[in-house]
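This is what each chain is made of:
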Amino acid sequence: MTFRKVNIIILVLAVVFFLLVLHHNFLGLSSLLRNEVSDSGIVGLQPIDFIPNAPHDAVDGRQEEVPVVIAASEDRLGGTIAAINSIQHNTRSNVIFYIVTLNHTADHLRSWLSSSILKSIRYKIVNFDTKLLEGKVKEEPDQGESVKPLTFARFYLPILVPSAKKAIYMDDDVIVQGDIFALYNTPLKPGHAAAFSEDCDSASTKVVIRGAGNQYNYIGYLDYKKERIRKLSMKASTCSFNPGVFVANLTEWKRQNITNQLEKWMKLNAEEGLYSRTLAGSITTPPLLIVFYQQHSTIDPMWNVRHLGSSAGKRYSPQFVKAAKLLHWNGHFKPWGRTASYTDVWEKWYIPDPTGKFSLIRRHTEISNTK
C-alpha cells in the first residue's frame, strides 16, 4: 500500500512538473508572437532590439503595417533621425521602421531615439554584417571614397523584413512631406518586384553632373565597352532610375531571387569592372539597373524630388519644394552640411543629438566664427 502511494505521489509530481513546463513554454511563445521579434535566419542580418508599442492615438489601428527600411551610418545619423521624424509626423499610418546599422552605431542610435520625441515610434534595429559583401565589392583607390557597406542594405530587403509582403526603402538624406501610406499604396504591375522614380520624369529634370557624363540613362552607369554588358542588349539610351526611394513587392522579389541576381552582378563587377569609370553616383545603382531593366513600375515623381544635393537643386522654386511629397538631397551636398539647397526645410525635422556626437556642420562653423 505504501509503495502504491509513493508511485501515485511521484506520478502527481510528474504531471505537475509537465504542466509547469508546458505553461512556461506557452508564455514564451506568446511573448514572442506579441513582440513580433523574428530571427532573420541569415548570418549578418540580426535584429538588435525592437520597440513594438506606439500610443494608440498615434496610429490608425485599422491600417496594415507599413514597413520602412532606412540605413543609419554614424556619420549621417542626423539624416536618419530627421527622415524618421518627418515620416512619423506626417502620417497616422501604422509605420514600423527597420533601421539598418552597424554594431558600433546601435547604442548611439538607441539613445537618440529614446531621449527625443521619437521614443514612441515602432522600430527594429538590425545589424548589417560587412562580411556579406566579401568578394562582391572592391575598393577603388582612384575613387577617393571608401565603400559604404550600408548602401547595400536595400539589396537584402526580404531578409530585413522577413514577414512583410511589401516594403518601402529610402535613403537617409530625404524628408517626407506627404503621408507615407500613399507611397506604400503605389500600384506595381504584375511580375514587377519594385517601383522606382525614373530619371527622365517631369519633376527631376535631366541633370548632367560635371565630370560624370549623363546621369539620366544607362550609359552613365555602365561600361558599354565591356562585352558582358553589350551581350545584355540593353539600350544605352534607356532612362535610368533613382534607387534612393522605392517600393518593393517582397513576394515577387523572393520569387525572382532578386537578391541573388544583384549579388551576381556585384561579383562580376568586382572581377571585371563593369560599371562606368565616370560614375558619380552610388555603386549600388548599376546592378539594380541591370536586374530591373524594363522590369519595374514607377512611383509618382513627386515622391522623389531629387538633386537637392547638387547645384541643380537651386532651380526648384519654393512653391515646388513645398508641394513635393518627398525631398531628396542626393548628390555631394547634404542638408546637414554647408552648401545644400533648402537646408531650412530639412532642419525643421532635425532633432539635436542628446549625446553631442553629431552636429550640423554649418551651425558648428557659425558658432566658431562668432567666437
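Look up: the structure comes first, before these words.
Since the structure is predicted, the reported quantities are computational estimates derived from the model, not experimental observations.

Student: Explain the overall build of the protein here, please?
Tutor: Helix and strand counts for the protein stand at 12 helices and 12 strands. By the burial criterion, 50% of the 371 residues in the protein qualify as buried. Accessible surface computed for the protein: about 18,700 Å², of which carbon and sulfur atoms make up 56%.

Student: Got a minute to help me understand the pairing of strand β3 (residues 94–101) in this structure?
Tutor: Both faces of the sheet carry side chains from a regular strand, because those side chains alternate between them. Within β3, 8 of the 8 residues are buried, leaving the element largely enclosed by the surrounding structure. Of the two faces of β3, the one carrying Asn94, Ile96, Tyr98 and Val100 and the one carrying Val95, Phe97, Ile99 and Thr101 are both buried. The sheet contact formed by strand β2 (residues 65–72) and β3 spans 8 bridges and is parallel. Each residue of the ladder has a partner; that of Val69, found in β3, is Tyr98. The parallel pair β2 and β3 is bridged by helix α2 (residues 77–89), and the resulting crossover is right-handed. For the crossover from β3 across helix α3 (residues 103–114) to strand β4 (residues 122–128), the handedness is right-handed.

Student: Can you walk me through the nonpolar core in this structure?
Tutor: In summary, soluble globular proteins display a tendency toward joint burial of nonpolar side chains. Grouped together as the largest cluster of nonpolar side chains are 53 residues, with contacts concentrated most on Val68, Phe97, Ile99, Ile168, Met170, Ile180 and Leu183. Sort the elements by how many residues they give to this core and α2 lands first, with 6 residues. In this view, Ile168 contacts Val66, Pro67, Val68, Val69, Ile180, Leu183, Tyr184, Phe246 and Val247; residues no more than four positions away in its chain are not counted.

Student: Would you mind going over the state of the cysteines with me for this structure?
Tutor: Disulfide: a covalent bond connecting the sulfur atoms of a pair of cysteines. Applying the stated criterion across every chain, the model contains 1 disulfide. The disulfide partner of Cys200 is Cys239, and the gap between their sulfur atoms is 2.3 Å. Between Cys200 and Cys239, the S-S dihedral sits near 125°, and the bridge is therefore right-handed. In this pair, Cys200 sits in the loop between β7 (194–198) and β8 (208–209) while Cys239 sits in the loop between α6 (227–230) and β10 (241–249), placing the two residues 39 residues apart along the sequence.

Student: Where do I start with the environment of Lys148 in this structure?
Tutor: Within the secondary structure, Lys148 sits in the loop between β4 and α4 (157–160). The exposure class of Lys148 is partly exposed, given its relative accessible area of 36%. Taking the C-alpha atoms as reference points, Lys148 and Ile283, 135 residues apart in sequence, are found 9.5 Å from one another.

Student: Sorry if this is basic, but what is going on with the side chain of Asp171 here?
Tutor: In this fold, Asp171 is placed in the loop between β5 (166–170) and β6 (174–176). Within the structure, Asp171 has its side chain in polar contact with the side chain of Arg154 (distance 3.3 Å). Of the polar contacts made by the side chain of Asp171, one reaches the side chain of Tyr169; its length is 2.9 Å. Not counting chain neighbours up to four residues away, the residues in contact with Asp171 comprise Ile70, Arg154, Gly244 and His328.

Student: Would you explain the pairing of β4 in this entry?
Tutor: By the criterion of burial, β4 is predominantly enclosed, with 7 of the 7 residues buried. Residues Arg122, Lys124, Val126 and Phe128 point to one face of β4 and Tyr123, Ile125 and Asn127 to the other, with burial holding for every one of them. In the sheet, β3 pairs with β4 via 6 bridges, with the strands oriented parallel. Across the sheet, the residue bridging to Ile96 is Arg122, located in β4.

Conventions adopted
- Residues numbered from 1 in each chain as written.
- Predicted model: local features only at pLDDT ≥ 70, side-chain atom pairs only at ≥ 80, totals over all residues.
- Heavy atoms only, no water.
- Helix = DSSP H or I, 4+ residues; strand = E, 2+ residues; numbered from the N terminus.
- Buried < 20%, exposed > 50% of the residue type's maximum accessible area, 1.4 Å probe, protein only.
- Areas by Shrake-Rupley, 256 points an atom, 1.4 Å probe, with all protein chains shown as cover.
- Pairing = 2+ DSSP bridges.
- Right-handed = clockwise from strand over helix to strand, strands pointing away.
- Core = buried A, V, L, I, M, F, W, Y, C linked by side-chain atoms within 4.5 Å.
- Contact = heavy atoms within 4.5 Å.
- Disulfide = S-S within 2.5 Å.
- Polar contact = N/O pair within 3.5 Å; in protein donor to acceptor, adjacent residues only side chain to side chain.

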